[in-house]
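# Structure at a glance
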Amino acid sequence: MSVSDPVADMLAKVRNAAMARHEKVDIPASKLKLEIVKILKTEGYIKNFKKVQEEGHSIIRIILRYDDKNNPVIHGTKKISTPGRRVYSGYKEMPRIFNGYGTIIVSTSSGVITGKKASERMVGGELICSIW
């Protein structure tokens, strides 16, 4: 079965695995997903990740992160741009998630970066997703 929105599928798998208190989750690899996972690592939402070859397919194995009370660090995710409705924002109008406590991921001309870095670099782009 093919997936029409692979990034939304990845976000749902990560969110569901975190809520079910799984240690890790495997997702099919792509360049965009790998960049998003790198941002999740640098922002502290996941412990680690690794790109693995398994049965002839590349997958990204994500090690999830929990706090000291075993609550997931990722409380929620939301896909902003969809295949049927692309959402763009300039750097001046970059939205903030939970007054700065969440992270928005933006695809810009200088790569996939957080909304905060996009505002600092004065570049706008397509709003991919938000994580809190």
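Here, every reference points to the structure presented above.
By convention here, each chain's residues receive numbers from 1 onward along its written sequence. The predicted nature of this model means local features are confined to residues of pLDDT at least 70 and side-chain atom pairs, given and counted, to a pLDDT of 80 or more, with totals for whole chains, interfaces and linings taken over all residues. Hydrogens are left out, water is left out, and the side-chain values use all remaining heavy atoms of the structure.

### Details of the overall build of the protein chain
Using the following cut-off: Labels follow the DSSP assignment, with helices taken as runs of H or I lasting at least four residues and strands as runs of E lasting at least two, numbered in each case from the N terminus. Computation of the radius of gyration draws on C-alpha atoms alone. For the globule rule, the value is 2.2 Å times the number of residues to the power 0.38. Relative accessibility thresholds used throughout: buried, under 20% of the residue-type maximum; exposed, over 50%; partly exposed, between the two (1.4 Å probe, protein chains only). Any two residues whose heavy atoms approach within 4.5 Å at even a single point are treated as in contact. Per-residue accessibility takes into account occlusion by the displayed protein chains alone, with areas from the Shrake-Rupley method and a 1.4 Å probe. We score Asp and Glu as negative and Lys and Arg as positive, and we do not count His or the chain ends. One atom stands in for each charge, and that atom is NZ of Lys, CZ of Arg, CG of Asp or CD of Glu.
Across its full length, the protein chain carries three helices and eight strands. In the protein chain, the succession of helices and strands from N to C terminus is α-β-α-β-β-β-β-β-β-α-β. For a compact globule of 132 residues, the expected C-alpha radius of gyration is about 14 Å, and the protein chain comes in at 15 Å, within 12% of that figure. By its C-alpha atoms, the protein chain is 40 × 35 × 25 Å across when sized along the principal axes. When each of the 132 residues of the protein chain is scored for burial, the buried share is 41%. Here the analysis covers contacts within the protein chain between residues at least 6 apart in sequence; of these, 61% occur between residues at least 24 apart. Total accessible area on the protein chain stands at roughly 8000 Å², and carbon and sulfur atoms take up 50% of it. For the protein chain, the centre of its 23 positive side-chain charges and the centre of its 13 negative side-chain charges are spaced 3 Å apart.

### Comments concerning unusual backbone geometry
With phi around 55 degrees, glutamate 55 is a residue other than glycine that occupies positive phi space. As for its placement among the helices and strands, glutamate 55 is situated in the loop between β2 (46–54) and β3 (57–64). A relative accessible area of 76% means that glutamate 55 is categorised as exposed. For methionine 122, which is not a glycine, the phi torsion comes out positive at approximately 60 degrees. On the basis of relative accessible area, methionine 122 is assigned to the exposed category, the value being 55%.

### Some remarks on the sheet that holds strand β1 (residues 24–28)
Heads up, the rule is: When DSSP finds two or more bridges between two strands, those strands count as paired. Angles run from 0 to 180 degrees between N-to-C directions of axes, and those axes are lines fitted to C-alpha atoms, restricted for helices to the stretch in contact.
Pairing is antiparallel in the open sheet, where three strands are placed in the order β1-β3-β2. In the strand order of this sheet, the two ends are held by β1 and β2, each with one partner. Adjacent strand axes in the sheet meet at a mean angle of 25 degrees, parallel and antiparallel pairs treated alike. By the bridge criterion, five bridges tie β1 to β3 in an arrangement that is antiparallel. By the bridge assignment, lysine 24 is partnered in β3 with isoleucine 63. Set on the sheet, helix α1 (residues 6–19) makes contact with β1 and β3; between it and β1 the angle comes to about 170 degrees. Across the face of the sheet, helix α2 (residues 31–42) comes into contact with β1, β2 and β3 while running at roughly 155 degrees to β2.

### Overview of the environment of glutamine 53
Locating glutamine 53 in the fold gives a position in strand β2. On the accessibility criterion, glutamine 53 (56% relative accessible area) is exposed. Expressed as a C-alpha distance, the spacing of glutamine 53 and alanine 29, which sit 24 residues apart in the sequence, is 9.6 Å.

### Digging into α1
Which entries qualify depends on this criterion: One less than the residue count of a helix, multiplied by 1.5 Å, gives the span that helix is expected to have.
Compared with an ideal rise of 1.5 Å per residue, which puts 14 residues at 20 Å, α1 spans 20 Å between its outermost C-alpha atoms and is within 8% of the ideal. Of the surrounding secondary structure, the elements contacted by the buried residues of α1 are β1, α2, β3, β4 (77–79) and β8 (125–131). Directly beyond the C-terminal end of α1, a positive phi value near 60 degrees is found at arginine 21.

### Structural notes on the pattern of salt bridges
What counts is decided by this rule: Here, a salt bridge means any side-chain nitrogen of Lys or Arg that lies within 4 Å of a carboxyl oxygen of Asp or Glu.
Across all of its chains, the model carries five salt bridges by this definition. Among the ionic pairs, aspartate 9 bridges to lysine 13, the shortest N-O distance being 3.8 Å. Linking aspartate 9 with lysine 13, this pair stays in helix α1, spanning four residues, or about one helical turn. Overall, aspartate 9 belongs to the partly exposed group, its relative accessible area being 26%. Linking arginine 61 and glutamate 54 is a salt bridge whose minimum nitrogen-to-oxygen distance equals 3.0 Å. Through salt bridges with shared partners, a single network forms among Asp26, Glu54 and Arg61.

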